[in-house]
Amino acid sequence: MNRLFRPKDSVNQKFKFFPDVEIEVDIKREDLLHQQVSGNKLRKLKYNLLEVQKQGEQPILTFGGAFSNHIAATAAAGQLLGLPTIGVIRGEELGEDLNKTFAHNSTLKNAHKNGMQLHFVSREAYRKKDTKAFQLQMEAIFGSYYYIPEGGTNSLAVKGTEEILTEQDKTYYHIICVAAGTGGTAAGIINSATADQKIIVFSALKGAFMKKEIEKYTLRRDFQVVNEMTFGGYAKSDDGLIDYMNTRFRESVTKENPRGIPLEPIYTAKMMYGIEQMVESGVIKGKTRILAVHTGGLQSIAGYNKMLEKKRRLKLSYENQF
């Protein structure tokens, strides 16, 4: 069986300790599972890829934005397994001059390099991507394909994310925290956690819809969703968040861990910031052991820094660390 389908258990590292209230925060480094197909994307793709191979290795068609971790991971996995991949990308203007796009976007450049066929559509068309009419249109262009939704969340993806927590995680930690975009990783963790563990989900998107999205894949209802840590919306940030990320990275570089703990600005950094705010405000009480899941996404740092530079904003200082 390909190593991609047998990911090792990820390492838990110390992130922060609050001595006054005896709260320890560890981080589960799912981002270190695989160099190209890391974090929750490897977990979510695992059983989908096995199903593709079972069905006869038809092309995989999936969706994402310009800096999509899911697009990057699907392309890399397809290249490693010899499976053709098609990425439907939001923003038809990105397809007008591919050389220019690739010069400013390492995510799409690497996806293309890994053999993914990129198909750019308008934002209006992209909003209809889940309709039967759109899917028939894609079939007319590309022929039959194996469909994986944006972000990778489906029942097979949840089956994969149920494998994130180890037995030790389930017995040692009181609270499990995870960030969410489509809810598949959160659902898997909720399903596999013990009944007495509290699960806090940090939504990367505005609005109160995330709980219902997660509930599509789990029978548990006793989890908390935090949607106040979006910093203005999906993929948005301010200099305060960037400074927080740089500071925590510097603090995490030690003799034992010379590469430190790099966070990414869309999911994990907002979650870690939110956890600290909940501790400092007393929402999370003392003598508590917290495990936060690092879901990967570091491939987007280079592109995110280019965006910050274009806006003349503070940049992340650890782009060249990985």
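The structure under discussion appears in the preceding block.
Residues numbered from 1 in each chain as written. Predicted model: local features only at pLDDT ≥ 70, side-chain atom pairs only at ≥ 80, totals over all residues. Heavy atoms only, no water.

**Considerations on the overall build of the protein**
Our working definition: Strands here mean DSSP runs of E at least two residues long; helices mean DSSP runs of H or I at least four residues long; both are numbered from the N terminus. With the radius of gyration taken over C-alpha atoms, the globule rule is written as 2.2 Å times the number of residues to the power 0.38. Any pair of residues with heavy atoms lying within 4.5 Å of one another is described as a contacting pair. Areas reported as accessible are Shrake-Rupley estimates using a 1.4 Å probe. Residue values count occlusion only from the protein chains shown. Neither His nor the chain ends is counted toward charge; the positive residues are Lys and Arg and the negative residues Asp and Glu. For charged residues, the charge sits on one atom: NZ in Lys, CZ in Arg, CG in Asp, CD in Glu.
A tally of helices and strands in the protein yields 13 helices and 10 strands. Its C-alpha atoms give the protein a radius of gyration of 19 Å, near enough to 20 Å, the size a compact globule of 322 residues would have. Projected onto its principal axes, the C-alpha positions of the protein cover 60 × 45 × 40 Å. Here the contacts in the protein between residues at least 6 apart in sequence split such that 74% fall between residues at least 24 apart. Surface summary for the protein: the accessible area is close to 15,000 Å², and the carbon and sulfur share equals 49%. Across the protein, 45 positive and 36 negative side-chain charges occur, with their mean positions spaced 2 Å apart.

**Digging into the nonpolar core**
Under the convention used in this document: What makes a nonpolar core is a set of buried Ala, Val, Leu, Ile, Met, Phe, Trp, Tyr and Cys residues whose side-chain atoms join them at distances within 4.5 Å. Burial classes follow relative accessibility: with a 1.4 Å probe on protein chains only, a residue under 20% of its type's maximum area counts as buried, one over 50% as exposed, and anything between as partly exposed.
Membership of the largest hydrophobic core comes to 37 residues, with the highest contact counts inside it found for C177, F202, M245, L263, M272, I275 and I290. Where this core is concerned, the elements lending two or more residues are β1 (12-18), β2 (23-29), β7 (175-180), β8 (198-203), α11 (239-252), α12 (268-280), β10 (288-294) and α13 (301-310). Counting residues per element, this core draws most heavily on α12, which supplies 6 residues. Setting aside residues up to four positions removed in sequence, L263 forms contacts with F15, I27, Y244, M245, T268, A269, M272, H294, L298, I301 and Y318.

**Overview of the packing of aromatic side chains**
What counts is decided by this rule: Pairing of aromatic side chains here covers Phe, Tyr and the six-membered ring of Trp, requires ring centres within 6.5 Å, and sorts the geometry by plane angle: under 30 degrees stacked, over 60 edge-to-face, intermediate tilted. Working rule: Lys NZ or Arg CZ, within 6 Å of ring centre, within 35 degrees of ring normal, means a charge sits over the ring.
This structure, assessed with the given rule, holds 8 aromatic pairs. Aromatic pair Y172 and Y173: ring centres 4.9 Å apart, planes at 90 degrees, arrangement edge-to-face. Between the aromatic rings of Y244 and Y273, the centroid separation amounts to 5.3 Å while the plane-to-plane angle is 90 degrees, which identifies the pairing as edge-to-face. Here the residue Y244 occupies a position in helix α11, and Y273 occupies one in helix α12, the gap between them amounting to 29 residues. Every member of this aromatic cluster is reached through a ring pair, and the members are F63, Y126, F134 and Y147. Over the ring of F18 we find K16; its NZ or CZ atom is 5.5 Å from the centre of that ring. A cation over an aromatic ring shows up here: K159 above the ring of Y47, its NZ or CZ 4.3 Å from the ring centre.

**Considering helix α1 (residues 39-55)**
Using the following cut-off: To estimate how far a helix should reach, multiply one less than its number of residues by 1.5 Å. The term bend refers to the angle at a residue between two fitted axes, each drawn through seven residues, those ending there and those starting there.
Counted at 1.5 Å a residue, the expected span for α1 with its 17 residues is 24 Å, and the 25 Å between its end C-alpha atoms agrees. The largest bend along α1 reaches roughly 35 degrees and is located at K46. Most of α1 sits out of view: 12 of its 17 residues are buried. Those residues of α1 lying buried are G39, N40, K41, L42, R43, K44, L45, K46, Y47, N48, L49 and V52.

**Re unusual backbone geometry**
Here the phi dihedral of A235 falls at roughly 70 degrees; this positive angle occurs in a residue that is not glycine. With respect to the helices and strands, the residue A235 is situated in the loop between β9 (224-226) and α11. Overall, the relative accessible area of 24% leaves A235 in the partly exposed class. Unlike most non-glycine residues, R312 shows phi in positive territory, near 60 degrees. Structurally, the position occupied by R312 is in the segment after α13.

**Considerations on the side chain of N305**
Just so we agree on the cut-off: The definition of a polar contact used here is a pair of N or O atoms within 3.5 Å, where within protein one atom must be able to donate a hydrogen and the other to accept one, and adjacent residues in sequence count solely through side-chain atom pairs.
Inspection of the secondary structure puts N305 in helix α13. According to the relative accessible area criterion, N305 is buried, its value standing at 1%. Separated by 2.9 Å, the side chain of N305 and the backbone nitrogen of L316 make a polar contact. The contacts of N305, once residues within four sequence positions are left out, are K315, L316 and E319.

**Re empty space enclosed by the protein**
Where empty space is left in the structure can be found by rolling a water-sized probe over the atoms. Put simply, the test is: Using only the protein atoms, space was sampled on a 1 Å grid; points where a 1.4 Å probe fits but cannot get out form cavities, open sets with protein on both sides within 12 Å along at least five of seven lines form pockets, and lining residues are those with an atom within 4 Å of a point. Grid points are joined across faces, edges and corners, and a volume is the space filled by probe spheres set on the points.
Overall, the coordinates contain 1 cavity of 30 Å³ or more when judged by the stated rule. Put simply, the largest cavity is a space of about 30 Å³. If you list the elements that add at least two residues to the lining of the largest cavity, you get β8 and α12.

All we've got here are geometric facts, nothing functional implied.
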